[in-house]
2 protein chains.
Amino acid sequence: MNLVLLFEDDFIAGTSRVCLKGRRLRHVLTVHRAVAGDSLCVGLAGGAIGTGVITRLDSTVLEMEILLDRTPPPPLPATLLLALPRPKVVKRVLLIAATLGVKRIILLNAFRVEKSFWQSPALEQESIAGQLIIGLEQSRDTLLPEILLRPRFKPFVEDELPALIRGTLPLVAHPGSPRPCPRSVNRPVTVAVGPEGGFIPYEMEMLAACGFTAVNLGERILRVETAVPFLLAKLF
Amino acid sequence: MNLVLLFEDDFIAGTSRVCLKGRRLRHVLTVHRAVAGDSLCVGLAGGAIGTGVITRLDSTVLEMEILLDRTPPPPLPATLLLALPRPKVVKRVLLIAATLGVKRIILLNAFRVEKSFWQSPALEQESIAGQLIIGLEQSRDTLLPEILLRPRFKPFVEDELPALIRGTLPLVAHPGSPRPCPRSVNRPVTVAVGPEGGFIPYEMEMLAACGFTAVNLGERILRVETAVPFLLAKLF
């Protein structure tokens, strides 16, 4: 936790003081091992970052006086379109994408996505938010990404995706494609990553019809949690 | 498992047939859901890759007829020098680095590495080999990386590191460094990544004296398991 992410209702009404319990309190006690008087990096969800000076810290509460005076790192102009990974991997990928500054992530069905994945507790709003917050805290960012769940491939690609990719370079990472992933594109990108085993030909055709270019990440087939940072490092 | 990694003693002596039990048998049964007559991608540890045609598959044994006729993907000319991460992360990083084709990984002590990490079962030979094998199987590679454990920072950096980095570009990823990580360097690289909280100034000075240049990965501080694929994608 390189930043403690704060929400409006952490503030004591009418003051610049926050009062934290639960996960953040425990983390500051046991990992930061902070004491009263110490300063921590803090940020307001959706807003500025700054400093929190600890005014009280014990096993029940963390109180800080907050000054928000800096902007968080700029977002990455990337939308991630991911075939829904298995639950353990969804959690990691959301965290990684949030850390890297992605502000829109679409979790999409595909032929090779196991149906049961859509019932996973990892997709509950609270679980998703939890991973995104940890990701933002890692990279001192405050702006929560938007997460879209799209359990039907065809209607999403036909009806919704054309508007979502407007103004972006639409790419799909697909092992075996002849074209290597471009580098340093310096423009907004929508990048799709298939499920284990890849998108099936029908899905690749649908994406191509929508304007996506298939690109490879080299000879090696990567897991989605490796492919995401790898892709974003190439593209930006 | 995009490739079933084979070892010399999997072969029935004097034949081109292998006989597998345990993890590989279970994976082929439950994930690949293969049947006799199917072909799988296989590779011999340290050697060629090719095809295994299943001649027998039941709950007790997987037998294949093996033809090895292709070369694995080329290795990445990168040595990773990692401050020893926490055990759960070590496992992931070894897997990721093996997947990406790194052939030498040095796990090093540093001031901010918790001493207890060195006692972890994750550093036992069998555990390390297990992660590397899964990583190779992911990217259809066969050549196991060499892993060096170096629990003393100073003697390693003074006595051993100069010879290890010879002929490579030595970089240390360090948040806040003014110089961005170079792209597409097209030459062998040794890249060091610090512990959570970073290398301390003394350690950075020791690395600088050894010839390392500090580079940043952008404004965002990444976890080591994200930093590794991110760095390697930038560099190669």
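Residues numbered from 1 in each chain as written. Chains lettered and ligands numbered in written order. Predicted model: local features only at pLDDT ≥ 70, side-chain atom pairs only at ≥ 80, totals over all residues. Heavy atoms only, no water.

Under an unreviewed UniProt entry, the name given to chain A is Ribosomal RNA small subunit methyltransferase E, and the source organism is Candidatus Nitrobium versatile. Check the Subcellular location (unreviewed entry) section of the UniProt entry for chain A; it says "Cytoplasm". (UniProt positions renumbered as here; feature names shortened; annotations may be inferred.)

## Some remarks on the sheet that holds strand S4 (residues 49-57) of chain A
Residues and elements named next belong to chain A. Here we have five strands laid out as an open sheet, ordered S1-S3-S4-S5-S2, and mixed in their pairing. At either margin of the open sheet sits one strand with a lone partner, and together these are strand S1 (4-6) and strand S2 (17-20). Geometrically, the sheet is characterised by an average inter-axis angle of 40° between neighbouring strands, direction not taken into account. (Pairing = 2+ DSSP bridges. Helix = DSSP H or I, 4+ residues; strand = E, 2+ residues; numbered from the N terminus. Axes fitted to C-alpha atoms, helices over the stretch in contact; angles between N-to-C directions.)

## Considering the nonpolar core
In terms of nonpolar packing, the biggest core is built from 135 residues, with A:Leu161 and B:Leu161 touching the most fellow members. Discounting residues that sit within four places of it in the chain, B:Leu161 has contacts with B:Leu81, B:Phe156, B:Leu207, B:Cys210 and B:Phe212. (Core = buried A, V, L, I, M, F, W, Y, C linked by side-chain atoms within 4.5 Å. Buried < 20%, exposed > 50% of the residue type's maximum accessible area, 1.4 Å probe, protein only. Contact = heavy atoms within 4.5 Å.)

## Let's talk about the relation of the copies chain B and chain A
For the pair of chain copies, the relating transformation is a rotation about an axis with a translation along it. For the pair chain B and chain A, the superposition axis carries a translation of 0.0 Å, the fit reaches an RMSD of 0.0 Å, and the rotation angle comes to 180°. Such a combination of turn and shift is consistent with a two-fold rotation axis. Of the C-alpha atoms belonging to chain B, the one lying closest to the rotation axis is found on B:Phe230, 2.5 Å away. Here 100% of the interface residues in chain B have copies in chain A that are interface residues too; the copies meet face to matching face. (Least-squares fit on C-alpha atoms with pLDDT ≥ 70 in both.)

## A look at helix H2 (residues 87-100) of chain B
Here H2(B) spans 20 Å end to end across 14 residues, near enough to the 20 Å set by a 1.5 Å rise per residue. Of all 14 residues that make up H2(B), ten are buried, and the element is covered over most of its length. Listed as buried for H2(B) are B:Val89, B:Val90, B:Val93, B:Leu94, B:Leu95, B:Ile96, B:Ala97, B:Ala98, B:Thr99 and B:Leu100. The inward-facing, buried residues of H2(B) abut helix H6 (224-235) of chain A together with strand S6 (76-83), strand S7 (102-108), helix H3 (125-139), strand S8 (146-150) and helix H6 (224-235) of chain B. (Expected span 1.5 Å × (residues − 1).)

## Looking at the pattern of salt bridges
All names here are of chain A. Tallied over the full model, the rule gives 26 salt bridges over all chains. Note that arginine 24 is salt-bridged to aspartate 10, the shortest N-O span being 2.7 Å. Here the residue arginine 24 occupies a position in helix H1 (residues 22-32), and aspartate 10 occupies one in the loop between S1 and S2, the gap between them amounting to 14 residues. The class of arginine 24 is buried, set by a relative accessible area of 13%. (Salt bridge = Lys/Arg side-chain N within 4 Å of Asp/Glu carboxyl O.)

## What to know about unusual backbone geometry
You will see that A:Ser184, though not glycine, has its phi angle at about 45°, which is positive. Notably, B:Asn186 is not glycine yet its phi reads approximately 55°, a positive angle.

## Describing the confidence of the model for chain A
Looking at chain A as a whole, the pLDDT averages 97, with 100% of positions reaching at least 70. For this predicted complex, the interface confidence comes out at an ipTM of 0.95, alongside a pTM of 0.95. (pLDDT = per-residue confidence, 0-100.)

## Digging into the layout of surface pockets
The volume enclosed by the second largest pocket comes to roughly 280 Å³. Lining the second largest pocket are 15 residues; nearest its centre among them are A:Leu217, A:Gly218, A:Arg220, B:Leu76 and B:Leu100. When residues of the lining of the second largest pocket are traced back to their parent elements, those giving at least two are H6 of chain A together with H6 of chain B. Across the lining of the second largest pocket, the residue classes tally to eleven nonpolar, one polar and three charged. (1 Å grid on protein atoms, 1.4 Å probe; cavity = no way out; pocket = protein on both sides within 12 Å on 5 of 7 lines; lining within 4 Å. Points joined across faces, edges and corners; volume = space filled by probe spheres on them. Nonpolar A, V, L, I, M, F, W, Y, C, P; charged D, E, K, R; others polar.)

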